[in-house]
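Given next are the chains, with one letter for each unit.
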Protein chains: 2
Amino acid sequence: MELKEIGRRAKEVSRQTGKLGTDAKNHALRAVAEALLTHADQILAENQKDLVKGRENGMAEGLLDRLMLDKERIGQMAKGVLQVADLEDPIGEVRAMKRRPNGLMIGEMRVPLGVVGMIYEARPNVTVDAFCLCFKTGNAVILKGGSDALCSNAALVAVIRDALAAEGIPKDAVQLITDPDRETTTAFMRLNEYVDVLIPRGGAGLIRTVVERATVPVIETGTGNCHIYVDESADLKMAVEIIENAKTQRIGVCNACESLVIHRNAADRLIPLLIPVFAKHRVELRADEAIYAAAEKTGGMPEGLLCPAAEADWGTEYLDYVISAKTTASIDEAIAHINRYNTGHSETIVTQDYANAQRFLGEIDAACVYVNASTRFSDGFEFGFGAEIGISTQKLHARGPMGLPALTSTKYIIYGNGQIRG
Amino acid sequence: MELKEIGRRAKEVSRQTGKLGTDAKNHALRAVAEALLTHADQILAENQKDLVKGRENGMAEGLLDRLMLDKERIGQMAKGVLQVADLEDPIGEVRAMKRRPNGLMIGEMRVPLGVVGMIYEARPNVTVDAFCLCFKTGNAVILKGGSDALCSNAALVAVIRDALAAEGIPKDAVQLITDPDRETTTAFMRLNEYVDVLIPRGGAGLIRTVVERATVPVIETGTGNCHIYVDESADLKMAVEIIENAKTQRIGVCNACESLVIHRNAADRLIPLLIPVFAKHRVELRADEAIYAAAEKTGGMPEGLLCPAAEADWGTEYLDYVISAKTTASIDEAIAHINRYNTGHSETIVTQDYANAQRFLGEIDAACVYVNASTRFSDGFEFGFGAEIGISTQKLHARGPMGLPALTSTKYIIYGNGQIRG
């Protein structure tokens, strides 16, 4: 179908999905969950086609694993849809209604965004995830997944659309762009007439491309060069536990720690406690001079895991068993360093000092700023939102882990009784 | 100065303006207001240069009037700055702090956006306005005003910068791009490294250009093709008063009414009441067949002020003494018509019917939806915000009249005591 027609239909259908009551939406979501299970074989057969093609094209093992579906993964998808059905519906809430001196009653109502465009890579789970979060918030959604997952996505979307139709809901609440042409994707990013917001989900390259080309407003989900600053007054045992957790619990995620900043008066005491932890997990330490010297003096780092840091290390998100470390003479220097090199994601101070804790919270420019806790908590589920569309590292609209409200807008509703402006 | 250097300085200074206490900001704003008055002659002399050049270049009278400053207008500017000083400071407020099951305390703190870029036309008052709203919210601001106002803007910005410096605040909290080159303006729109948000203020052409070219996130302030729907059950006297106010109280503004939608069972009674009002204000009525016939039957429209509407009329923002009018058979048709042709600004229903009022509020897709009141109330001051940066017609970040909070972002602050993720 022509892209414009997809957009037109989505906009039209969004008027109807926006009016659906919570019960109707939840009922439909439960039907979708069931349909995914019922049609698992059909979905797996289509997924198999993508996998065969992927292997032929020499796709990396990690990517093939992300593309691969099995009964268990389809079960997880269905469970995810049911969880979204159980979440509170944010649509229709009216905040801060006030009576103006002229008698007008003005309140702010939470409403759907309208049409959400999702651009993502070859991960079929995002297809289901994006649909159910957008649908729960009354939006129509247009999906553009990676072309390596086209058969899988088409099968998933077909199952969802049929399940919606059986519930009396227009199928076009979810549409998939199947044209693999780059020009079509670019045109999609510029479909301002019909698309209210674009959410890219994927690697830094994908997100940069969308930000570069889109004229539709974008919610940027981003990379995390997350820091832990160990203050002079830190409880060092706590610092080590937090660093171990934030660096090694899961390395490939955006809320993992990539860089340590250590007060120079703490370094000599901290490094001997950290070395066994890094050695155990085989974490490569890229250290500035002072930390390098302290680590050499301590000894015990396995061959090749202690290296001098280069300037480029301060700005690098490794997503690997690598960490950079720098000493600073003061909290001011630490804050300045972090604000210079971070990506606005998640930053932690470990300290026992009240004033330093408050300064760090106040002055660090990031979506999530922690005192004495692991950066790994930056997550919609850990924050208690019950869902996550991504973690925004931009400052407009939504910042940090995004739950359902990030997929909503507001409108002012005004009750009058004949007021005119004087 | 090179654009990148302007950006770098703004970003650096924003760290400092973001930390300023409310008292310090208000004190500085009061000093700026005083400096504007003290240096009025110098500002007027520079403004004179712009006016002379404008006249030489054949600038239209309306534009010259917007460009022109005098003592009274500078007095109004200064008064505006003092009003912003008196507003509550939104920065630092922490919302919805909650304790998670693991003991983490998570709250959302209101913080400055960082660096705000303003792109606007030859209106020197926007220079002062944009500075004081951005400064009050702890942001650094980079201004790119219309080149026809360059001398005026340079004079105003110099006065503000000197006043800030005398208060011990870095001058670069406000910077003006003086390079009139289009390429520089485009580069400004793509300065993502340093600029957090762009706010274009001006006509539809300017805003379209910024949306087209910018990679920095944009808050779109927009045009208003505002409708009034007169329901079958409307109090027709109230309807006429609201229509007169919304159409004629001030014609050149985005919240003026441009189009009537009238239930067909109300048209024959309403038109005879409206004709004298339109005749009095010399409002041209572009009517569909039914309304045209009713108006002809009524008589009394001055020569040339009654015309048949063309399709293009439904989507036109006249900003003039012109109004389109269409009959519909039902509220459904009215809602569909308005959602099709409106620009998402402000829409009113006049009705005595409870269910229709609620349906209109629920289903109309616009920033401000009214029952029984004039669209002219869509304004930051009328809404009680005490200030207005513009009226957003987009759905991300801010929608409708924007007060100080629209110039802020949030960050999550998290108090822990050693939590790590399991």
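See above for the structure.
Since the model is a prediction, treat every value here as computed from it, not as a measurement. (Residues numbered from 1 in each chain as written. Chains lettered and ligands numbered in written order. Predicted model: local features only at pLDDT ≥ 70, side-chain atom pairs only at ≥ 80, totals over all residues. Heavy atoms only, no water.)

Draft legend 1. Here's a closer look at the overall build of chain A. The helix and strand tally for chain A stands at 15 helices and 16 strands. Its C-alpha atoms give chain A a radius of gyration of 24 Å, within 12% of the compact-globule value 22 Å for 422 residues. Seen along its three principal axes, the alpha-carbon backbone of chain A occupies a region of about 70 × 70 × 35 Å. Counting the 422 residues in chain A, one finds 58% classified as buried. Summing over all exposed atoms, chain A offers an accessible surface of approximately 16500 Å²; the carbon and sulfur share of this is 49%. (Helix = DSSP H or I, 4+ residues; strand = E, 2+ residues; numbered from the N terminus. Rg over C-alpha atoms; globule rule 2.2 N^0.38 Å. Buried < 20%, exposed > 50% of the residue type's maximum accessible area, 1.4 Å probe, protein only. Areas by Shrake-Rupley, 256 points an atom, 1.4 Å probe, with all protein chains shown as cover.)

Draft legend 2. Molecular detail of the sheet that holds strand β13 (residues 368-373) of chain B. Sheet architecture is open: 10 strands sit in the order β1(A)-β2(A)-β16(A)-β13(B)-β12(B)-β7(B)-β8(B)-β11(B)-β9(B)-β10(B), paired in mixed fashion. Edge strands, defined here as strands with exactly one partner in the open sheet, are β1 (94-99) of chain A together with β10 (306-308) of chain B. Each adjacent strand pair in this sheet contributes to an overall mean axis angle of 20°, direction not counted. For β1(A) and strand β2 (residues 105-112) of chain A, the ladder comprises four bridges, and the chain directions are antiparallel. Within β2(A), the residue paired with Arg95(A) across the bridge is Glu108(A). Where helix α10 (residues 236-248) of chain B meets the sheet, it contacts β16 (408-419) of chain A together with β7 (226-230), β8 (257-263), β11 (322-328), β12 (346-350) and β13 of chain B, and its direction lies at approximately 170° from that of β7(B). (Pairing = 2+ DSSP bridges. Axes fitted to C-alpha atoms, helices over the stretch in contact; angles between N-to-C directions. Contact = heavy atoms within 4.5 Å.)

Draft legend 3. Here's a closer look at the side chain of Asp231(B). Residue and element names in this part refer to chain B. Looking at the secondary structure, you find Asp-231 in the loop between β7 and α10. Within the buried set, Asp-231 has no salt-bridge partner at all; the shortest N-O distance to an opposite charge, 9.0 Å, is to Arg-269. A polar contact is formed between the side chain of Asp-231 and the side chain of Tyr-229, at a distance of 3.0 Å. Within the local environment of Asp-231, its side chain forms a polar contact with the side chain of Asn-356, the two groups lying 2.9 Å apart. Excluding anything up to four places from it in sequence, Asp-231 contacts His-263, Ala-266, Ile-349, Val-350, Thr-351, Asp-353 and Asn-356. (Lys, Arg positive; Asp, Glu negative; His and termini not counted. Salt bridge = Lys/Arg side-chain N within 4 Å of Asp/Glu carboxyl O. Polar contact = N/O pair within 3.5 Å; in protein donor to acceptor, adjacent residues only side chain to side chain.)

Draft legend 4. Broad picture of helix α8 (residues 182-189) of chain A. Residues and elements named next belong to chain A. Those residues of α8 that sit buried are Thr-184, Thr-185, Phe-188 and Met-189. The buried residues of α8 occupy an angular sector of 145° when projected down its axis, which confines them to one face. Those residues of α8 that are buried lie in contact with α1 (3-17), β3 (115-120), β4 (140-144), β6 (197-201) and α9 (204-213). (Arc of directions from axis to C-beta.)

Draft legend 5. Seen up close, the interface of chain B and chain A. In this complex, chain B contributes 71 residues to the contact, which on the side of chain A involves 70 residues. Roughly 5800 Å² of surface becomes buried between chain B and chain A when both sides are summed, with 51% attributable to carbon and sulfur atoms. When the area that chain B buries against chain A is broken down by residue, the three leading residues are Leu396(B), Tyr412(B) and Arg421(B), summing to 15%. Counting across the interface, chain B meets chain A through 12 salt bridges. (Buried area = accessible area lost by both parts, 1.4 Å probe.)

Draft legend 6. Seen up close, the relation of the copies chain B and chain A. Its rotation angle being 180°, the transformation that places chain B on chain A also includes 0.0 Å of axial translation and leaves an RMSD of 0.0 Å. Both copies are brought into coincidence by an operation consistent with a two-fold rotation axis. Among all residues of chain B, the one whose C-alpha sits closest to the rotation axis is His397(B), at a distance of 1.8 Å. Taken as a fraction of all interface residues of chain B, those also at the interface in chain A reach 99%, which identifies the copy contact as same-surface. (Least-squares fit on C-alpha atoms with pLDDT ≥ 70 in both.)

Draft legend 7. Structural detail: the packing of aromatic side chains. Inspection of every chain in the model, using the stated rule, returns 10 aromatic pairs over all chains. Summarising the aromatic geometry, the rings of Tyr229(B) and Phe360(B) are spaced 6.3 Å apart at their centres and angled 15° between planes, so their arrangement reads as stacked. In this pair, Tyr229(B) sits in strand β7 while Phe360(B) sits in helix α14 (residues 354-363), placing the two residues 131 residues apart along the sequence. Pair check on accessibility: Tyr229(B) and Phe360(B) agree, each one buried. For the pair Phe383(B) and Phe385(B), a centre-to-centre distance of 5.9 Å together with 80° between the ring planes defines the contact as edge-to-face. Pairwise contacts between aromatic rings join Phe383(A), Phe385(A) and Tyr412(B) into one cluster. (Phe/Tyr/Trp six-rings, centres within 6.5 Å; stacked < 30°, edge-to-face > 60°.)

Draft legend 8. Main features of the sheet that holds strand β5 (residues 174-176) of chain A. Residue and element names in this part refer to chain A. Spatially, the four strands line up as an open sheet ordered β5-β4-β3-β6, and their pairing is parallel. Each edge of the open sheet carries a strand with a single partner, namely β5 and β6. With strand direction ignored, the average angle separating the axes of adjacent strands in the sheet is 20°. As defined by bridge partners, β3 adjoins β6 across five bridges and the pair is classed as parallel. Directly across from Gly-117, in β6, lies its bridge partner Leu-198. Those strands touched by helix α6 (residues 124-136) are β3, β4, β5 and β6, and its axis lies near 165° from that of β3.

Draft legend 9. Here's a closer look at the pairing of strand β7 (residues 226-230) of chain A. Residue and element names in this part refer to chain A. By the criterion of burial, β7 is predominantly enclosed, with five of the five residues buried. Residues Cys-226, Ile-228 and Val-230 of β7 are buried on one face, and the alternating residues His-227 and Tyr-229, pointing to the opposite face, are buried as well. Note that β7 and strand β8 (residues 257-263) share five bridges and pair parallel. Bridge pairing in β8 places Val-230 opposite Ile-262. Handedness of the crossover joining β7 and β8 through helix α10 (residues 236-248): right-handed. Across four bridges, the pairing between β7 and strand β12 (residues 346-350) is parallel. If you follow Val-230 over to β12, its bridge partner there is Val-350. (Right-handed = clockwise from strand over helix to strand, strands pointing away.)

Draft legend 10. Quick look at helix α6 (residues 124-136) of chain B. All names here are of chain B. Along its 13 residues, α6 runs 19 Å from first to last C-alpha, staying within 8% of the 18 Å computed at 1.5 Å per residue. Most of α6 sits inside the fold, with 11 of its 13 residues counted as buried. Of all the residues in α6, the buried ones are Pro-124, Val-126, Thr-127, Val-128, Ala-130, Phe-131, Cys-132, Leu-133, Cys-134, Phe-135 and Lys-136. Positive phi shows up at Gly-138, right after α6, with a value of about 75°. (Expected span 1.5 Å × (residues − 1).)

Draft legend 11. Region of interest: unusual backbone geometry. Residues and elements named next belong to chain A. A positive phi angle, near 50°, is found at Asn-372, a position not held by glycine. Tracing the backbone through its elements, the reader meets Asn-372 in strand β13 (residues 368-373). Non-glycine residue His-397 carries a positive phi angle of around 70°. Note on placement: His-397 falls in the loop between β14 (390-392) and β15 (400-402).

Draft legend 12. Representation of the pattern of salt bridges within the structure. Summed over all chains, the structure comprises 60 salt bridges over all chains. For Arg359(A), the salt bridge is made with Glu363(A), and the minimal N-O distance between the two is 3.0 Å. Taken as a pair, Arg359(A) and Glu363(A) lie in helix α15 (residues 354-363) at a separation of four residues, close to a single helical turn. Residue classification places Arg359(A) among the partly exposed positions, given a relative accessible area of 26%. For Arg399(B), the salt bridge goes to Asp365(B), with nearest N and O atoms at 2.9 Å. Of this pair, Arg399(B) sits in the loop between β14 (390-392) and β15 (400-402) while Asp365(B) is found in the loop between α14 and β13, placing the two residues 34 residues apart along the sequence. Taken as a pair, Arg399(B) and Asp365(B) share a single burial class, namely buried. Put simply, Glu5(A), Arg8(A), Arg9(A), Glu12(A), Arg161(A) and Asp172(A) are held in one network by salt bridges that share partners.

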